[in-house]
Amino acid sequence: MARGARSDQLGNRNVPTAMYMQYSPAFSFVKEEDEDEWVPTGGQFWDGRANNLSEQAAGPFLNPREMAMLNEQAVIDAVRKADYAWMFEALYGVSAWDEVATAYRHVTDAIAAFEQTDTFNPFSSKFDGFLRGEVQLSEQETQGFELFKDETKANCIACHVGDPDSKDPRDWLFTDFTYDN
């Protein structure tokens, strides 16, 4: 595995990821294998400032450059008026609206739960299909993939890690969650 790859934090599976952030561990510093160096690892956003998907989901609502909602109460008011408010109440109870901070956490938890579903993360790219044996890569794509894995040439896999022995797309998420400069 490439620098900083871990299996211990992800259920003893080597699950390097990039685009499917549900696999990203909480932000921490991980000791580099065979070195005396601690490497920043995990988290959500480019700087790791949110530890999990629920914390990540809380950010865009109030960010003036994204959704620019005035405050948590405005978010809860919008959800309460939405066509899907009945689902919120069915899941969290009618009294879930009573405390703004709790209701807001429920909203972000619901978003995080959705982000962990197959609907949101279908593993449906051509590369995912190739791994599962459903499609073939073109000659040019095959050459590119060989260069990607070749330690004496491009060696992209050194940073954009994947398990060459696996056909499971979850083992090919192209990151070890470390921050590299």
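If you're wondering where the values come from, they're calculated on a predicted model, not measured in any experiment.

About the thresholds
Throughout, residues of each chain are indexed from 1 in the direction in which the sequence is written. Local features in this predicted model are restricted to residues whose pLDDT is 70 or higher, and side-chain atom pairs enter the listing and the counts only when it is 80 or higher, whereas totals over whole chains, interfaces and linings include all residues. The basis for every side-chain value is the complete set of non-hydrogen atoms in the structure, without hydrogens or water. Lining residues are those with an atom within 4 Å of a point, where the points come from a 1 Å grid over the protein atoms alone and group into cavities, where a 1.4 Å probe fits but cannot get out, or pockets, open sets with protein on both sides within 12 Å along at least five of seven lines. Grid points are joined across faces, edges and corners, and a volume is the space filled by probe spheres set on the points. To qualify as a helix, a DSSP run of H or I must reach at least 4 residues; to qualify as a strand, a run of E must reach at least 2; elements of each kind are numbered from the N terminus. To form a nonpolar core, buried Ala, Val, Leu, Ile, Met, Phe, Trp, Tyr and Cys residues must be joined to one another through side-chain atoms within 4.5 Å. We call a residue buried when its accessible area falls under 20% of the maximum for its residue type, exposed when it is over 50%, and partly exposed in between, using a 1.4 Å probe and counting protein chains only. For this analysis, residues touch if any pair of their heavy atoms sits within 4.5 Å. Summarising the geometry, the arc corresponds to the directions from the helix axis toward the C-beta atoms. Identification of polar contacts relies on pairs of N or O atoms within 3.5 Å, with a donor-acceptor requirement for protein atoms, meaning one able to donate a hydrogen and the other able to accept it, and with residues adjacent in sequence counted only if both atoms are side-chain atoms. Any Lys or Arg side-chain nitrogen found within 4 Å of a carboxyl oxygen on Asp or Glu counts as a salt bridge. Known as pLDDT, the predictor's confidence for each residue is given on a scale from 0 to 100. The pairing criterion is simple: DSSP has to find at least two bridges between the two strands.

Caption draft 1: Inspection of the layout of surface pockets at higher detail. The calculated volume of the second largest pocket comes to roughly 230 Å³. Lining the second largest pocket are Phe61, Val79, Tyr84, Met87, Phe88, Leu91, Tyr92, Val107, Ala110 and Ile111. Listing elements by their share of the lining of the second largest pocket, those giving two or more residues are helix 3 (85-92) and helix 4 (100-115). With four residues, helix 3 is the single largest residue contributor to the lining of the second largest pocket.

Caption draft 2: Broad picture of the nonpolar core. By size, the foremost hydrophobic cluster in this structure holds 11 residues: Phe61, Val75, Ile76, Val79, Ala85, Phe88, Ala96, Trp97, Ala103, Tyr104 and Val107. For this core, the elements supplying multiple residues, two or more each, are helix 2 (72-81), helix 3 and helix 4. For Phe88, the residues in contact, after removing those within four places along its chain, are Val79, Gly93, Ala96, Trp97, Ala103, His106 and Val107. Counting eight residues, the second-largest nonpolar core is a separate cluster that includes Phe130, Leu131, Phe145 and Trp172.

Caption draft 3: Just helix 1 (residues 53-62), in detail. Those residues of helix 1 not exposed but buried are Leu53, Ser54, Gln56, Ala57, Pro60 and Phe61. Angular distribution of buried residues about the axis of helix 1 spans 160°; they occupy a single face of the element. Contact partners of the buried residues in helix 1: helix 2 and helix 4. Measuring from the backbone nitrogen of Ser54 back to the side-chain oxygen at the start of helix 1 gives 3.1 Å, which picks out Asn52 as the cap.

Caption draft 4: Examining the pattern of salt bridges more closely. Within this structure, the stated rule accounts for six salt bridges. For the salt bridge of Asp36 with Lys31, the shortest nitrogen-to-oxygen distance reads 3.7 Å. Between Asp47 and Arg49 there is a salt bridge, and its shortest N-O distance comes to 2.9 Å. According to the relative accessible area criterion, Asp47 is partly exposed, its value standing at 45%. Residue Arg49 is classed as exposed on the basis of its relative accessible area of 52%.

Caption draft 5: Expanded view of the confidence of the model for the protein. Per-residue pLDDT for the protein has a mean of 86; in total, 88% of the residues score no lower than 70. The low-confidence segment residues 1-19, where pLDDT is below 50, has 67 contacts with residues more than four positions distant or belonging to other chains.

Caption draft 6: Quick peek at the side chain of Ser166. Relative to the helices and strands, Ser166 is located in the segment after helix 6 (139-149). Side-chain polar atoms of Ser166 contact the side chain of Asp171, separated by 2.6 Å. Other than its neighbours up to four places away in sequence, Ser166 contacts Leu131, Asp171 and Trp172.

Caption draft 7: Seen up close, the environment of Val107. The residue Val107 is located in helix 4 in this model. Apart from residues no more than four positions distant in its own chain, Val107 is found in contact with Phe61, Ile76, Val79 and Phe88.

Caption draft 8: Geometry of the environment of Ile76. Checked against the element boundaries, Ile76 lands in helix 2. Look at Ile76 and you get buried, because its relative accessible area is 1%. For Ile76 and Val107, which are 31 residues apart along the polypeptide, the C-alpha to C-alpha distance reads 8.0 Å. With residues near it in sequence (within four places) discarded, Ile76 still touches Trp97, Val100, Ala103, Tyr104 and Val107.

Caption draft 9: How the structure looks around the pairing of strand 2 (residues 38-41). Across the two faces of strand 2 the burial differs, with Val39 and Thr41 buried and Trp38 and Pro40 not buried at all. For strand 1 (residues 28-31) and strand 2, the ladder comprises four bridges, and the chain directions are antiparallel. For Phe29, the partnering residue across the bridge sits in strand 2 and is Pro40. Counted between consecutive antiparallel strands, the loop separating strand 1 from strand 2 contains six residues, among which Asp34 sits at a positive phi close to 60°.

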